[in-house]
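So the chains spell out like this:
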Amino acid sequence: MALYVQKFGGTSVGSPERIKAVAEKVKGFRDQGHQVVVVVSAMSGETNRLTELARSINEEPTPREMDMLLSTGEQVTISLLAMALQQIGVPATSHTGAQVGIHTDSAYTKARIQRIETDDLKADLDDGQVVVVAGFQGVDEDGNITTLGRGGSDTTGVALAAALGADECQIYTDVDGVYTTDPRVCTKAKRLERITVEEMLELASLGSKVLQIRAVEFAGKYNVPLRVLSSFEDGPGTLIVAESDQDEDSMEEPLISGIAFTKNEAKLTLLNTPDVPGVASRILGPIADANIEVDMIVQNVAPAGDYTDFTFTVAKGDYKATKRILEEIVIPDLGGGELRGDDNIAKVSLVGVGMRSHAGVASKMFRVLADENINIRMVSTSEIKISVVIDEKRMELAVKALHTAFGLDKSDIESE
């Protein structure tokens, strides 16, 4: 007998028929003698509906009241799923985040889990119940309902799996696993049998939307085996494991596990800024004060040596606010400088733990892009990642060319 925590996203529970299908899937595990905790999201579109409803009443609702409102979406789903399980003869009990004992800090709309009380949950499991838990929510020390941010149900699932010592946390979604890249962009993308936590963290941070990055961090920190599966078709999915848990034979393969990309980037450059100690802090400090995250950074030294060009990227949604900060605060503080910006860029990244022991990945990447006449605007690297900024209109061509060049195409993998 094993203990599984199974999380089903909004698409998976988007209608009464789909909720009944989830109940049948859960029943199949329980009939095999396994204990099951189910974490669910709100029905597809419900969070957006509630957000629009709030804005129709108050254009700037307080975060506390938004959490109170949005948490009801998951509460609808848990009760409906518990009813569906009971209808097919499976004992089931629904629990809100507060009822199951998920305690968070008080950062409304983006709370972090601090601890989970599992006594009541374990008692229900030992009593033969399937426990259905509302994802995305918890309660702070004052009893206020909090939410974990969009995609927080993944984090709820992994956190419960860690607290219970579950054999596996299964994330059911509308895709059947983690792919070498987005199949909608590259039709030759291949589903991965397994991937390391480190690689998945990079892919999630670089634009892959299969899993919320906080959930992957939780899985890595508490060594929770994490599997991505499809709600709509059977299959093994993709297992996400710590690098130390990789099969010995798989350590040399492949060099690159996946290619991530995002158009949600904008680039800003301050030309002719003083090349003196502390200039980077004077540029980025006011941006950080505005809670704007900076991604890639490049600083060049001008030939004269007295001035530098400073380039960085931010999320496209922060582009206008960042420009305003640079124009109104940073440039006057520096005593001058010319600002240039571009929000028609994309970031393409190669990810793979194999980079640690293989040289030449960057040079091959640059050569492939050059052969396609794709200009590289910025470069950033880590132990297992190489990212480049290119023109947005060249992104799909870059992804397809790199996917083929690094042997990730479906036909290449299947023929090995």
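Our subject is the structure listed above.
Residues numbered from 1 in each chain as written. Predicted model: local features only at pLDDT ≥ 70, side-chain atom pairs only at ≥ 80, totals over all residues. Heavy atoms only, no water.

A.B. asks: Describe the sheet that holds strand 17 (residues 378–382), naming the residues involved and giving the relevant values.
C.D. replies: Reading across from one edge, 14-15-13-16-18-17 is the order of the six strands in this open sheet, with antiparallel pairing throughout. Unpaired on one side and paired on the other, strand 14 (294–301) and strand 17 mark the two borders of the sheet. Averaged over neighbouring strand pairs, the angle between their axes works out to 25 degrees when direction is ignored. Examined bridge by bridge, strand 13 (residues 258–274) and strand 16 (residues 338–351) share 11 bridges and lie antiparallel to one another. By the bridge assignment for strand 16, Leu270 is matched with Leu339. Those strands touched by helix 11 (residues 361–371) are strand 16, strand 17 and strand 18 (385–391), and its axis lies near 20 degrees from that of strand 18. (Pairing = 2+ DSSP bridges. Helix = DSSP H or I, 4+ residues; strand = E, 2+ residues; numbered from the N terminus. Axes fitted to C-alpha atoms, helices over the stretch in contact; angles between N-to-C directions. Contact = heavy atoms within 4.5 Å.)

A.B. asks: Describe the layout of surface pockets, and please don't skip the residues or the numbers.
C.D. replies: Estimated volume of the largest pocket: approximately 1200 Å³. Lining the largest pocket are 45 residues; nearest its centre among them are Thr173, Asp174, Lys209, Val210 and Leu211. Those elements that provide at least two residues to the lining of the largest pocket are helix 2 (46–57), helix 6 (152–164), strand 9 (168–173) and strand 13. Sorting elements by how many residues they give to the lining of the largest pocket places strand 13 first, with four residues. Looking at the lining of the largest pocket residue by residue, the class counts come to 15 nonpolar, 20 polar and 10 charged. Empty space within the second largest pocket amounts to approximately 930 Å³. Along the walls of the second largest pocket sit 22 residues, with Ala204, Ser205, Ile213, Asn264 and Glu293 positioned nearest its centre. Of all the secondary-structure elements, those providing two or more residues to the lining of the second largest pocket are helix 7 (197–205), strand 13, strand 14 and strand 15 (307–314). Considering every element that reaches the lining of the second largest pocket, the biggest residue donor is strand 13, with three residues. Here the lining of the second largest pocket is composed, by residue class, of seven nonpolar, eight polar and seven charged. (1 Å grid on protein atoms, 1.4 Å probe; cavity = no way out; pocket = protein on both sides within 12 Å on 5 of 7 lines; lining within 4 Å. Points joined across faces, edges and corners; volume = space filled by probe spheres on them. Nonpolar A, V, L, I, M, F, W, Y, C, P; charged D, E, K, R; others polar.)

What is shown is where atoms sit, not what they do.
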